[in-house]
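# Examining the three-dimensional arrangement
Residues per chain, in single letters:
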Amino acid sequence: MSEEKYTLETVLSVKRWAANLFSFTMTRPSAFRFTAGQFARIGIQVEGELIVRAYSIVSSPFDETLEFFSIVVPEGAFTSQLQYLKPGDQIYLEKIPYGFLTLARYQEPAPHDLWLLATGTGLAPFISMLQDFETWQKYRHIVLAYSVRTQQELAYVDRINEIQNIFGENGAEFCFLPIITRDPFAKLNHRLPKLIESGDLEQEADLKFNVESSHVMLCGNPQMVEDTKEALKCRGLIMNRRGVGNIAVENYW
Ligand code: NAP
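Residues numbered from 1 in each chain as written. Predicted model: local features only at pLDDT ≥ 70, side-chain atom pairs only at ≥ 80, totals over all residues. Heavy atoms only, no water.

## Description of the site of the ligand
Taken together, 17 residues sit near the ligand, with Ser147, Arg149, Thr181, Arg182 and Arg191 positioned nearest. At 2.6 Å, a side-chain N or O of threonine 181 approaches an oxygen atom of the ligand. Here a nitrogen atom of the ligand and a backbone polar atom of methionine 224 are 3.4 Å apart. Bound to the protein, the ligand loses 80% of the 890 Å² it would expose on its own. For the shell around the ligand, the secondary structure elements donating two or more residues are strand E8 (141–148) and helix H7 (222–234). Top contributing element to the shell around the ligand by residue count: H7, with three residues. Here the residues of the shell around the ligand sort into seven nonpolar, six polar and four charged. (Near = heavy atom within 4 Å. Polar contact = N/O pair within 3.5 Å; in protein donor to acceptor, adjacent residues only side chain to side chain. Areas by Shrake-Rupley, 256 points an atom, 1.4 Å probe, with all protein chains shown as cover. Helix = DSSP H or I, 4+ residues; strand = E, 2+ residues; numbered from the N terminus. Nonpolar A, V, L, I, M, F, W, Y, C, P; charged D, E, K, R; others polar.)

## A word on the sheet that holds strand E11 (residues 247–251)
Read across the sheet, five strands follow the order E9-E8-E7-E10-E11 without closing on themselves; strand pairing throughout is parallel. Looking at which strands have only one partner, the edges of the open sheet turn out to be strand E9 (173–180) and E11. Ignoring strand direction, the axes of neighbouring strands in this sheet form an average angle of 10°. As defined by bridge partners, strand E7 (residues 113–119) adjoins strand E10 (residues 214–220) across six bridges and the pair is classed as parallel. In the sheet register, leucine 116 faces E10, and the bridge partner there is methionine 217. (Pairing = 2+ DSSP bridges. Axes fitted to C-alpha atoms, helices over the stretch in contact; angles between N-to-C directions.)

## With respect to the side chain of threonine 135
If you trace the backbone, threonine 135 turns up in helix H3 (residues 133–138). Of note is the side chain of threonine 135, whose polar atom sits 2.7 Å from the backbone oxygen of methionine 129. The residues touching threonine 135, leaving out its near neighbours within four places in the chain, are Leu103, Leu114, Met129 and Ile142. (Contact = heavy atoms within 4.5 Å.)

## What to know about the state of the cysteines
On inspection of all chains with the given rule, the structure shows zero disulfides. The thiol of cysteine 175 is not disulfide-bonded; the next cysteine sulfur, from cysteine 219, is found 19 Å away. Under the relative-accessibility criterion, cysteine 175 is labelled buried at 17%. (Disulfide = S-S within 2.5 Å. Buried < 20%, exposed > 50% of the residue type's maximum accessible area, 1.4 Å probe, protein only.)

## Examining the domain arrangement of the chain
According to the domain assignment, the chain consists of domain 1 (6–94) and domain 2 (103–249). Just the C-alpha atoms count here: the centres of domain 1 and domain 2 sit 24 Å apart. Broken down residue by residue, the surface that domain 1 buries against domain 2 is led by Trp17, Val58 and Phe69, which jointly contribute 37%. Inspection of the region where domain 1 meets domain 2 yields one salt bridge. (Domains from an automatic or database assignment. Buried area = accessible area lost by both parts, 1.4 Å probe. Salt bridge = Lys/Arg side-chain N within 4 Å of Asp/Glu carboxyl O.)

## Digging into the pattern of salt bridges
Per the counting criterion, the structure on display carries eight salt bridges. Measuring nitrogen to oxygen at the nearest pair gives 3.4 Å for the salt bridge that ties glutamate 153 to arginine 149. Here glutamate 153 falls in the buried class, since its relative accessible area comes to 15%. Given the relative accessible area of 36%, arginine 149 is considered partly exposed.

## Remarks on the sheet that holds strand E1 (residues 6–18)
Within the open sheet, the six strands sit side by side as E4-E3-E6-E1-E2-E5. Their pairing is antiparallel. Strands with a single pairing partner mark the edges of an open sheet, and in this sheet they are strand E4 (49–56) and strand E5 (65–71). Within the sheet, the average angular offset between the axes of one strand and its neighbour, ignoring direction, is 35°. Pairing between strand E3 (residues 39–46) and E4: eight bridges, direction antiparallel. Each bridged residue has a counterpart across the sheet, and for isoleucine 44 the counterpart in E4 is isoleucine 51.

Here is the structure:
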């Protein structure tokens, strides 16, 4: 392992949301700078071997610590070990951040309406973006739709409400739409592409997708990203390339 590539950081806290979901915070070296929406590569030693994975950063670029949100992949070499993390443990952090799921990538259309559509741990980059005053100043409307299978998997709800209270006061109008796909009694319980096709997502958000004014970011399950992209294209939106276009995506595994 190259000592120059990584710094060794310390786990500060661990929060368990459900049997298969947890978050953790760790020390952040002052030289580690990133833009909200980017991911870090973090590593742990498993049987003498360094295993490294990409993790979107939940914390904001202004926080002193780094926070990550993880699922436990059954029999996954990395997360099956990572789930036992405790404060004081050490983690390798690659010195540079990665990724282009950032608001800075949008040049056209100009910022107006921001749609953040996530499944599962794909919520992470959006929590980071929402903890930046600039996001709230730039946009007139922000919609966060977050799809999980069960109520227990709906993590970060208190934080989302807190963020709205802190940042929303003088900024964008904010709409949080939780989607619980395996709960027949949930207000929204269909998958994102279906909610887009039916018009239910727009109705709940009280906002329309519009090629002239929508920035739509997708993060999470790769099949969700694919299917949602197609549903949005059917609504006339286009992929963001070289700064121009509505849709930006990040696959999660
Ligand atoms: P998930 O299966 O991705 O489900 C989360 C939400 O996404 C649910 O509401 C689900 O709806 C929805 N969804 C699934 N497929 C979709 C599609 N094609 N279009 C629209 N929505 C869709 O659940 P998860 O708990 O986040 O992850 C499940 C598995 O993915 C894990 O067990 C793990 O093996 C793997 N995973 C791996 C990594 C990794 O880094 N290797 C990271 C995350 C997840 P439904 O209830 O209708 O399915």
